[in-house]
Amino acid sequence: MDEEQLRGATIRDVDLSGTRFVGVVAEHLEITGEFDRLEVNGVDVVPLVTAELDRRHPERTRLRPTTTAGYTEAFTLLEQLWAGTVDRARGLDPALLHERVDDEWSFAETLRHLVFATESWIGRVVQGVPSPWHPLSLPWEQMAPTPGVPSDRDARPGLEEVLELRSSRQAWVHDALDGLPDAALTEVRTVPDGPGWPPAGKQVPVAHALDIVINEEWWHRQYAERDLTALIHRQEQT
């Protein structure tokens, strides 16, 4: 691709692995995503970004556990952080909890997606439940329709209903960790048969499944806090 004009474009949910941008010009360039290595003018900036995020959010250093006790502490910390976020959301008109900001997920959709993530990686992978999903679970938007996996994007459940469901799935995490020896974190689990996510037969280390949920929980809270600020401002202006 040469001499393309992408000024003002939004590129969403794409895999750019191995992509090179050469001779590009940008007055302002915003990137959010997951990177193992990201070179800017020959410098891998991932360690720099990680260090800055840790400086801004010191709790992140507690979200890289290596023991079962550490994982329990990490998930408890995330629950405490989310409690404050939920308190902010309770101050909004309930209708705003279903409003999207800049086409990102609404607050309710975010909580429903975290339910799906926990069901998928803790229920299906760690606990071996073939079909752990609740009807309100919400996969990512690009997931192809899959038999047995709910994807009701028109649902508008109340906040308390979603929080009750979410609390039950958070309990799954603690149940999975209860009595789990540290050595089991490196065990590889095989995803059970049946349609769903992750795909049947996939080999997943227990620690990897737990890390994915931690990552989902932390980042989606950042997005939720950002969007709640916009929604609170909108409510105050009416």
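Scroll up a little and you will see the structure.
Residue positions are counted from 1 within each chain, in the order its sequence is given. In view of the model being predicted, local features appear only for residues whose pLDDT reaches at least 70, and side-chain atom pairs are presented and counted only at 80 or more, with totals across whole chains, interfaces and linings using the full set of residues. Computation of side-chain values: all heavy atoms of the structure, hydrogens and water removed.

Chemist: If you had to explain the side chain of Arg 60 to someone new, which residues and values would you point to?
Modeler: Inspection of the secondary structure assignment puts Arg 60 in the loop between helix H1 (46-56) and helix H2 (68-90). A contact between two residues is defined here by any heavy atoms of the two lying within 4.5 Å. Those residues in contact with Arg 60 that sit more than four places away from it in its chain are Thr 50, Leu 53, Asp 54, Trp 218 and Trp 219. Helix and strand labels come from DSSP, where a helix needs a run of H or I of at least four residues and a strand needs a run of E of at least two; each type is numbered from the N terminus.

Chemist: Talk me through helix H4 (residues 159-177); I want residue IDs and the actual numbers.
Modeler: With 19 residues, H4 ought to run about 27 Å at 1.5 Å a step, and its terminal C-alpha atoms sit 27 Å apart, in line with that. Type-normalised accessible area, obtained with a 1.4 Å probe on protein chains alone, sets the label of each residue: buried when under 20%, exposed when over 50%, and partly exposed for intermediate values. Within the sequence span of H4, burial applies to Leu 159, Val 162, Leu 163, Leu 165, Arg 166, Arg 169, Gln 170, Trp 172, Val 173, Ala 176 and Leu 177. The arc enclosing the buried residues of H4, seen along the axis, measures out at 165 degrees, which places them on a common side. Among the exposed residues of H4, those pointing more than 90 degrees away from its buried face are Glu 164 and Asp 175. Elements that come into contact with the buried residues of H4 comprise H2, helix H3 (107-126) and helix H5 (206-236). One fewer than the residue count of a helix, multiplied by 1.5 Å, yields its expected span. The arc refers to the directions leading from the helix axis to the C-beta atoms.

Chemist: With reference to specific residues and values, describe the pattern of salt bridges.
Modeler: The rule for a salt bridge is simple: a side-chain nitrogen of Lys or Arg has to be within 4 Å of a carboxyl oxygen of Asp or Glu. Counted under the stated rule, the structure contains 18 salt bridges. One salt bridge in this structure joins Arg 37 and Glu 39, with 2.9 Å as the shortest N-O distance. Among the residues examined, Arg 37 registers a relative accessible area of 52% and is labelled exposed. With relative accessibility at 46%, the residue Glu 39 sits in the partly exposed group. Two residues, Asp 54 and Arg 64, come together in a salt bridge whose shortest N-O distance is 2.7 Å. Of the two residues, Asp 54 is situated in helix H1 and Arg 64 in the loop between H1 and H2; the sequence distance between them amounts to ten residues. Asp 54 gets classed as buried once you look at its relative accessible area, which sits at 16%. On the accessibility criterion, Arg 64 (44% relative accessible area) is partly exposed.

Chemist: How would you summarise the packing of H3 against H4 if you had to cite specific residues and measurements?
Modeler: Under this scheme, a helix contributes an axis fitted over its contacting stretch, all axes are lines through C-alpha atoms, and angles between N-to-C directions fall in the 0 to 180 degree range. Running from N to C, H3 and H4 point in directions that differ by 25 degrees, and their axes come no closer than 9 Å. Classified by the angle between their axes, H3 and H4 sit roughly parallel to one another. By crossing handedness, the relation of H3 to H4 is classed as left-handed. Two secondary-structure elements touch here, H3 through Phe 107, Ala 108, Leu 111, Arg 112, Leu 114, Val 115, Thr 118, Glu 119, Ile 122, Gly 123 and Val 126 and H4 through Leu 159, Val 162, Leu 163, Leu 165, Arg 166, Arg 169, Trp 172, Val 173 and Ala 176. Under this scheme an angle from 65 to 115 degrees is roughly perpendicular, one under 35 degrees roughly parallel, and one over 145 degrees roughly antiparallel; angles in between are oblique. Helix crossings fall into two classes, left-handed where the near helix is turned counterclockwise from the far one by less than a right angle and right-handed where it is turned clockwise.

Chemist: Give me the lowdown on H3, citing residues and values where you can.
Modeler: Compared with the 28 Å implied by 1.5 Å per residue over 20 residues, the 27 Å span of H3 between its first and last C-alpha is a close match. Axes are fitted to the seven residues ending at a residue and to the seven starting at it; the angle between these axes is taken as the bend at that residue. Maximal helix bending in H3 amounts to about 30 degrees, located at Glu 119. Counting buried positions along H3 yields 20 of 20 residues, so the element is predominantly enclosed. One or two positions beyond H3, positive phi appears at Gly 128, with a value near 75 degrees.

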